[in-house]
Amino acid sequence: MVFLSRIYTKSGDTGETGLGDGSRVPKDAVRVEAYGEVDELNAVLGLVTANCPDGPESKLLRVIQNDLFDVGADLCVPLTDHEDPGKSLRVVPAQYERLEWAIDRLNEDLQPLRSFILPGGTQAAAWLHLARTVCRRAERTVVTLQRTEPVNPHALIYLNRLSDFLFVLARVANDGGKGDVLWVPGASREG
């Protein structure tokens with residue numbers, strides 16, 4: 001359980017922060033960037049739910065926000081070779097499998113794509129596209145992190161599935177894809 005009695009500690013005043021295992025790292029360490037971008041993604045999803053409370057899958061988006069705290073907690077504690085199972089909070093397959101089921105369910109009613117989609121359409125779709133791009137950035141940063149340090153592979157899979165889910169959900173928010181803003185290659189090159 002988390003208990004915060006004081007918000008500022010002054011322990012980061014020299015440019016370092018503490019990880020979940022108690023170790024100290026620079027605030028610009030790749031691990032800190034990774035879970036910071038997951039936090040940013042969660043904030044964008046908060047904007048989606050605040051600005052579009054009746055948007056599609058609003059209950060699932062709240063579940064996803066909770067999952068993103070799990071992803072951040074997972075990334076905040078470095079993975080060790082001899083970690084005791086259950087000692088650290090780690091993302092598990094059931095979390096991204098839920099996203100796969102939702103993608104399959106939502107995609108059934110969408111028309112096949114005939115062009116790339118520009119971010120936009122309804123307000124909810126625009127916010128969801130922003131969330132998708134932040135999710136992809138977080139995913140890229142986790143890939144960078146795993147080049148030098150062990151990372152729970154399920155955390156990376158979760159982010160990959162989530163970006164796909166957000167793309168599909170943006171199409172749902174655009175009247176089931178009917179309101180998608182389609183890319184017209186080279187449309188502005190002439191006159």
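Residues numbered from 1 in each chain as written. Predicted model: local features only at pLDDT ≥ 70, side-chain atom pairs only at ≥ 80, totals over all residues. Heavy atoms only, no water.

Caption draft 1: Structural detail: the overall build of the protein chain. When you go through the protein chain residue by residue, the secondary structure sums to five helices and four strands. With respect to the three principal axes, the spread of C-alpha positions in the protein chain is 55 × 40 × 35 Å. Considering the protein chain as a whole, with its 191 residues, one finds that 40% of them fall into the buried category. Taken as a whole, the protein chain presents about 11,400 Å² of accessible surface, with 55% of it coming from carbon and sulfur. Treating the 21 positive side-chain charges of the protein chain as one cloud and the 27 negative ones as another, the clouds have centres 3 Å apart. (Helix = DSSP H or I, 4+ residues; strand = E, 2+ residues; numbered from the N terminus. Buried < 20%, exposed > 50% of the residue type's maximum accessible area, 1.4 Å probe, protein only. Areas by Shrake-Rupley, 256 points an atom, 1.4 Å probe, with all protein chains shown as cover. Lys, Arg positive; Asp, Glu negative; His and termini not counted. Charge placed at Lys NZ, Arg CZ, Asp CG, Glu CD.)

Caption draft 2: Spotlight on the nonpolar core. Membership of the largest hydrophobic core comes to 47 residues, with the highest contact counts inside it found for Leu 41, Ile 64, Leu 162, Phe 165 and Leu 166. Those elements that provide at least two residues to this core are helix 1 (30–51), helix 2 (58–76), helix 3 (93–107), helix 4 (123–146) and helix 5 (153–173). In terms of residues, this core owes the most to one element, helix 5, which gives 11 residues. In contact with Leu 166, other than residues within four places in its own chain, are Leu 41, Leu 45, Leu 61, Leu 128, Ala 131, Arg 132 and Cys 135. (Core = buried A, V, L, I, M, F, W, Y, C linked by side-chain atoms within 4.5 Å. Contact = heavy atoms within 4.5 Å.)

Caption draft 3: How the structure looks around the packing of helix 3 against helix 5. The N-to-C vectors of helix 3 and helix 5 enclose an angle of 20°; their axes lie 9 Å apart at closest approach. Here helix 3 is positioned roughly parallel relative to helix 5, judged by the angle of their axes. Considering the relative orientation of helix 3 and helix 5, their crossing is left-handed. Side by side, helix 3 and helix 5 meet where Pro 93, Gln 95, Tyr 96, Leu 99, Glu 100, Ala 102, Ile 103, Leu 106 and Asn 107 of the first sit next to His 154, Ile 157, Tyr 158, Arg 161, Leu 162, Asp 164, Phe 165, Val 168, Leu 169 and Val 172 of the second. Residues of the contact of helix 3 with helix 5, tallied by class, amount to 13 nonpolar, three polar and three charged. (Axes fitted to C-alpha atoms, helices over the stretch in contact; angles between N-to-C directions. Parallel < 35°, antiparallel > 145°, perpendicular 65-115°, else oblique. Left-handed = near helix turned anticlockwise from the far one by under 90°. Nonpolar A, V, L, I, M, F, W, Y, C, P; charged D, E, K, R; others polar.)

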